[in-house]
Amino acid sequence: MTEMVIRIDNLTHDFETVRALDRLSLEVPYGIIFGFLGPNGAGKTTTLRALLDIIHPTRGRAIIFGRDSRKHGASLRER
């Protein structure tokens, strides 16, 4: 089985009047180069900030290198 470096399950983030992420789910296996492409306001930066625990998602979770981003945000940012 392929090890997943990033696993995102139903990641959602709401700002006051805007839903920036709406149930984003994806998996990125080890050894794959993955990039975010999209227009302004598509949620690319919000996703990265949520992955690094710079902002807290409204719901959902992200696992990076086997660690929950909400619990291990500081160590993930260092890495």
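In short, a report on the structure. (Residues numbered from 1 in each chain as written. Predicted model: local features only at pLDDT ≥ 70, side-chain atom pairs only at ≥ 80, totals over all residues. Heavy atoms only, no water.)

A few words now on the pairing of strand S2 (residues 19–29). The sheet contact formed by strand S1 (residues 4–14) and S2 spans seven bridges and is antiparallel. Looking across to S2, one finds that Arg7 is bridged to Glu27. Hairpin remark: S1 followed by S2, antiparallel, with four residues in the connecting loop. (Pairing = 2+ DSSP bridges. Helix = DSSP H or I, 4+ residues; strand = E, 2+ residues; numbered from the N terminus.)

Before going further, it helps to spend a moment on the nonpolar core. The tendency in soluble globular proteins is for nonpolar side chains to be buried side by side. Counting residues in each nonpolar core, the largest one holds 11 residues, listed as Ile8, Leu11, Leu21, Leu26, Val28, Ala50, Leu51, Ile55, Ala62, Ile64 and Leu76. Of all the secondary-structure elements, those providing two or more residues to this core are S1, S2, helix H1 (44–51) and strand S3 (59–64). Looking at this core, the element that brings in the most residues is S2, giving three residues. In contact with Ile55, not counting residues within four places along its chain, are His13, Thr46, Arg49 and Ala50. (Core = buried A, V, L, I, M, F, W, Y, C linked by side-chain atoms within 4.5 Å. Buried < 20%, exposed > 50% of the residue type's maximum accessible area, 1.4 Å probe, protein only. Contact = heavy atoms within 4.5 Å.)

The next thing to look at is the packing of aromatic side chains. Enumeration according to the criterion identifies one aromatic pair in this entry. With a centroid separation of 5.3 Å and 90° between ring planes, the pair formed by Phe34 and Phe36 is classed as edge-to-face. Owing to a relative accessible area of 45%, Phe34 belongs among the partly exposed residues under this scheme. (Phe/Tyr/Trp six-rings, centres within 6.5 Å; stacked < 30°, edge-to-face > 60°.)

Attention shifts here to the sheet that holds S3. The strands making up a sheet are joined through hydrogen bonds of the backbone, oriented either antiparallel or parallel. The four strands are arranged S2-S1-S3-S4 in an open sheet whose pairing can be described as antiparallel. Sheet topology places S2 and strand S4 (67–68) at the edges, where each strand pairs with a single neighbour.

Next up on the list: the environment of Asp53. Relative to the assigned elements, Asp53 resides in the loop between H1 and S3. The spatial distance from the C-alpha of Asp53 to the C-alpha of Gly73 is 4.9 Å, given a sequence separation of 20 residues. Contacts of Asp53, omitting those with residues within four sequence positions, involve Ser69, Arg70, Gly73 and Arg77. A polar atom in the side chain of Asp53 sits 3.0 Å from the side chain of His56. (Polar contact = N/O pair within 3.5 Å; in protein donor to acceptor, adjacent residues only side chain to side chain.)

For the rest of this paragraph, the subject is H1. Listed in full, the buried residues belonging to H1 are Thr46, Thr47, Ala50 and Leu51. Buried positions in H1, seen along its axis, are confined to an arc of 135° and lie on one side of it. Note on H1: the residue one or two positions beyond its end, Asp53, has a positive phi of about 60°. (Arc of directions from axis to C-beta.)

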